[in-house]
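Structural features, examined
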Amino acid sequence: NDLASLMDVSVNDVISTCMSLGMFVSINQRLDAESITVIADEFGYNVEFTSTDDEIEVEVEEDAEEDLKPRAPIVTIMGHVDHGKTSLLDYIRSSKVTAGEAGGITQHIGAYDVTTESGQKIAFLDTPGHEAFTAMRARGAKVTDIVIIVVAADDDVMPQTKEAINHAQVAGVPIVIAINKVDKPNANPDKIKEALSNINILVEDWGGKYQSQEISAKTGQGVEELLEKVLLEAELLELKANPVKNATGTVIEASLDKGRGYVATLLVQNGTMKVGDVILAGAYYGRVKAMFDHIGSKMDKAGPSTPVLMLGLDGAPQAGDKFNVMESDREAREIATKREQILREQSIRTKKHITLDEIGRRLAIGSFKELNVIVKGDVDGSVEALSDSLLKLSTEEIQVNIIHKGVGQISESDVLLASASDAVIVGFQVRPSGSARKIADNEEIEIRLYSVIYDAINDVRDAMEGMLDPEV
Ligand code: GDP
């Protein structure tokens with residue numbers, strides 16, 4: 001809104017320009033300096049920044065060419081539900097941890113890195129699916145270098161497969177195809193390759209440019225070859241970083257741990273992070289008290305493309321927040337305080353998460369295209385029936401996605417998923433657990449409870465229709 005009035009153009013023009021640049025923004029959203037520069041440029045303006053944004057941005061000096069060293073690729077695994085994303089991540093993680101290292105106990109910290117048989121490293125983001133990937137991108141974080149698209153050979157190229165491919169392509173991130181479950185008797189990799197060719201993804205052995213590998217996340221067949229193909233793709237990207245400077249990178253996840261205080265998984269993308277460094281991450285800061293890798297081994301320092309679990313922040317920054325190492329506590333505190341103030345203003349002005357009532361406002365400003373829903377119910381039949389009916393409400397303007405469905409009470413993890421992917425939760429004949437309710441209140445996640453399926457369908461339909469912009 002402010003930017004539009006500075007340039008004397010309509011807010012809608014600014015918002016649609018943002019959308020054409022891949023930024024989905026709301027009318028009151030604060031934009032970072034880089035986005036403002038790009039958007040203003042589209043309208044023929046040059047931007048000169050005075051004070052405010054300098055106060056919350058940390059300047060990072062350019063790297064000299066001779067300081068740049070090759071770095072490991074950072075990989076995200078995406079694909080349709082049940083095609084084996086989690087299994088593949090688990091297989092890679094566990095097969096690369098030798099017994100004896102910290103007892104071989106691995107923990108999910110949101111990311112891990114492995115060394116392949118050829119001795120090269122790869123870092124994996126451990127939250128499969130394009131929701132997390134997209135949530136990160138929505139926050140301006142560029143983390144993933146390469147995407148592995150998993151397709152089950154006993155199934156088909158499914159809607160979420162296409163969506164994942166689409167998300168990767170929009171982000172300009174190269175794709176490697178993993179055709180999974182080839183251990184199954186009814187596996188038919190050729191059928192998958194053909195289906196891929198129908199959506200313009202021509203794999204190498206069909207004369208195309210996309211590398212693909214047949215794998216089994218269950219037996220491990222083909223997984224090492226898949227990793228080598230990822231490395232081949234990485235080579236083309238000539239990924240580089242400067243290990244000899246203060247670290248910068250992205251927050252992968254953060255939480256409050258009863259015994260240890262705030263724990264955050266950070267992915268170092270440039271520089272080297274050390275115990276004792278003062279970290280500014282989003283609106284929080286603190287000195288690195290200790291760092292660990294995903295098997296719980298202590299680390300003193302972490303270079304580019306290394307995920308670390310760190311202790312010492314004074315709060316939990318959001319996934320996708322950038323972090324910087326600062327020269328002093330004072331400097332970090334000053335910026336953190338200003339950022340926190342802005343966050344507070346923002347959360348007052350715009351609702352963080354979608355609700356059925358919020359749909360209308362978002363439609364009006366043209367920033368609403370997808371309604372993500374989580375469906376929980378008391379029996380499988382009603383969950384399926386409700387999910388199917390909600391899916392069928394999709395129109396050309398709004399796609400309804402059932403991002404998760406299941407039988408049972410609404411759990412903490414349902415609410416966290418809703419938070420990460422901006423979804424509403426619809427419960428049929430079930431209720432949230434106490435802790436789920438608490439998080440939902442904090443995160444402002446809408447939980448709608450029904451005992452009649454038609455009521456649920458009608459409410460969602462009304463929300464989608466009542467607000468539909470007649471122009472669209
Ligand atoms: P996700 O939803 O994509 O994360 O899929 P999961 O990793 O949870 O896998 C879904 C189901 O497929 C699970 O029951 C897995 O055990 C099974 N599965 C995954 N990969 C393989 C595989 O390579 N072979 C076989 N036979 N089953 C697999």
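Residues numbered from 1 in each chain as written. Predicted model: local features only at pLDDT ≥ 70, side-chain atom pairs only at ≥ 80, totals over all residues. Heavy atoms only, no water.

Here's the deal with the nonpolar core
Of all hydrophobic cores here, the largest spans 24 residues; its most connected members are Leu371, Val373, Leu386 and Leu390. Residue assignment for this core shows that the elements contributing at least two residues are α11 (356-364), β19 (370-377), α12 (380-391), β20 (399-407), β21 (423-428) and α15 (453-466). When residues in this core are grouped by element, the largest group, six residues, is from α15. When residues no more than four places from it in sequence are discounted, the contact partners of valine 373 are Leu390, Val400, Asn401, Ile402, Ile403, His404, Ala423, Val424 and Val426. Judged by nonpolar contacts, the second largest core, of 23 residues, contains Val114, Phe124, Val230 and Ala234. (Core = buried A, V, L, I, M, F, W, Y, C linked by side-chain atoms within 4.5 Å. Buried < 20%, exposed > 50% of the residue type's maximum accessible area, 1.4 Å probe, protein only. Helix = DSSP H or I, 4+ residues; strand = E, 2+ residues; numbered from the N terminus. Contact = heavy atoms within 4.5 Å.)

Some words on the environment of serine 35
By secondary structure assignment, the location of serine 35 is in helix α3 (residues 33-42). On the basis of relative accessible area, serine 35 is assigned to the buried category, the value being 13%. As for serine 35 and methionine 23, which are separated by 12 residues in sequence, their C-alpha atoms are 8.7 Å apart.

A few points about unusual backbone geometry
With phi around 70°, aspartate 82 is a residue other than glycine that occupies positive phi space. Of note, aspartate 82 is situated in the loop between β2 (74-79) and α5 (85-95). A relative accessible area of 63% means that aspartate 82 is categorised as exposed. Positioned with a positive phi, lysine 181 is a non-glycine residue whose angle comes to about 65°. Locating lysine 181 in the fold gives a position in the loop between β6 (175-180) and α8 (189-198).

Topic: the site of the ligand
Close to the ligand lie 15 residues, the nearest being Asp82, Thr86, Ser87, Asp183 and Ala217. Here an oxygen atom of the ligand sits 3.3 Å away from a polar atom, N or O, in the side chain of serine 216. Out of a free accessible area of 570 Å², the ligand has 72% covered by protein chains. Considering each element in turn, the shell around the ligand owes the most residues, three residues, to α5. The class makeup of the residues in the shell around the ligand is two nonpolar, seven polar and six charged. (Near = heavy atom within 4 Å. Polar contact = N/O pair within 3.5 Å; in protein donor to acceptor, adjacent residues only side chain to side chain. Areas by Shrake-Rupley, 256 points an atom, 1.4 Å probe, with all protein chains shown as cover. Nonpolar A, V, L, I, M, F, W, Y, C, P; charged D, E, K, R; others polar.)

Here we look at the pattern of salt bridges
Considering all chains together, one arrives at 15 salt bridges under this definition. The residue aspartate 145 makes a salt bridge to arginine 71 at a minimum N-O spacing of 2.9 Å. With a gap of 74 residues between them, aspartate 145 in the loop between α6 (130-138) and β5 (146-152) and arginine 71 in the loop between β1 (69-70) and β2 connect regions that are remote in the sequence. The salt bridge involving aspartate 414 is made with lysine 376; its shortest N-O contact spans 2.6 Å. Here aspartate 414, found in helix α13 (residues 412-421), pairs with lysine 376, found in strand β19; they are 38 residues apart in sequence, far enough to count as distant. Classification of aspartate 414 as buried rests on a relative accessible area of 2%. Each of the salt bridges in this network shares a partner with another, and the network as a whole consists of Asp90, Arg93 and Asp126. (Salt bridge = Lys/Arg side-chain N within 4 Å of Asp/Glu carboxyl O.)

Focus: the side chain of threonine 306
Structurally, threonine 306 can be placed in strand β17 (residues 306-311). We classify threonine 306 as buried; its relative accessible area is 11%. Here the side chain of threonine 306 touches glycine 303 through a polar contact of 2.8 Å, landing on its backbone oxygen. Apart from residues lying up to four places away in sequence, threonine 306 is in contact with Asp113, Leu266, Leu267, Val268 and Met299.

Some thoughts on the sheet that holds strand β9 (residues 248-257)
Spatial ordering of the open sheet is given by β13-β12-β18-β9-β10-β17-β14-β15, a layout of eight strands whose pairing is antiparallel. A strand with exactly one partner marks an edge of an open sheet, and here the two such strands are β13 (284-287) and β15 (298-299). Of the pairings in the sheet, the one linking strand β12 (residues 278-281) to strand β18 (residues 322-326) comprises four bridges and is antiparallel in character. Along β18, the bridge assignment pairs leucine 280 with asparagine 324. (Pairing = 2+ DSSP bridges.)

Quick word on the sheet that holds β19
To summarise the sheet geometry, strands pair through backbone hydrogen bonds and adopt either a parallel or an antiparallel arrangement. The strand order across the open sheet built from four strands is β20-β19-β21-β22, with neighbouring strands paired in parallel fashion. What marks the edges here is a single partner per strand, and that holds for β20 and β22 (447-450). Neighbour-to-neighbour, the strand axes of the sheet open up by a mean angle of 20°, direction not taken into account. Pairing geometry for β19 and β21, over six bridges, is parallel. (Axes fitted to C-alpha atoms, helices over the stretch in contact; angles between N-to-C directions.)

Overview of the pairing of β6
With six of six residues buried, β6 is to be regarded as a mostly interior element. Residue alternation in β6 divides its side chains into two sets, Ile175, Ile177 and Ile179 and Val176, Ala178 and Asn180, and both sets are buried. The pairing of β5 with β6 spans six bridges and is classified as parallel. Within β6, the position partnered with isoleucine 148 by the bridge is valine 176. Once the chain exits β5 it traverses helix α7 (residues 159-170) before rejoining the sheet at β6, and the crossover so formed is right-handed. Pairing analysis gives three bridges linking β6 to strand β7 (residues 212-214), with the strands arranged parallel. (Right-handed = clockwise from strand over helix to strand, strands pointing away.)

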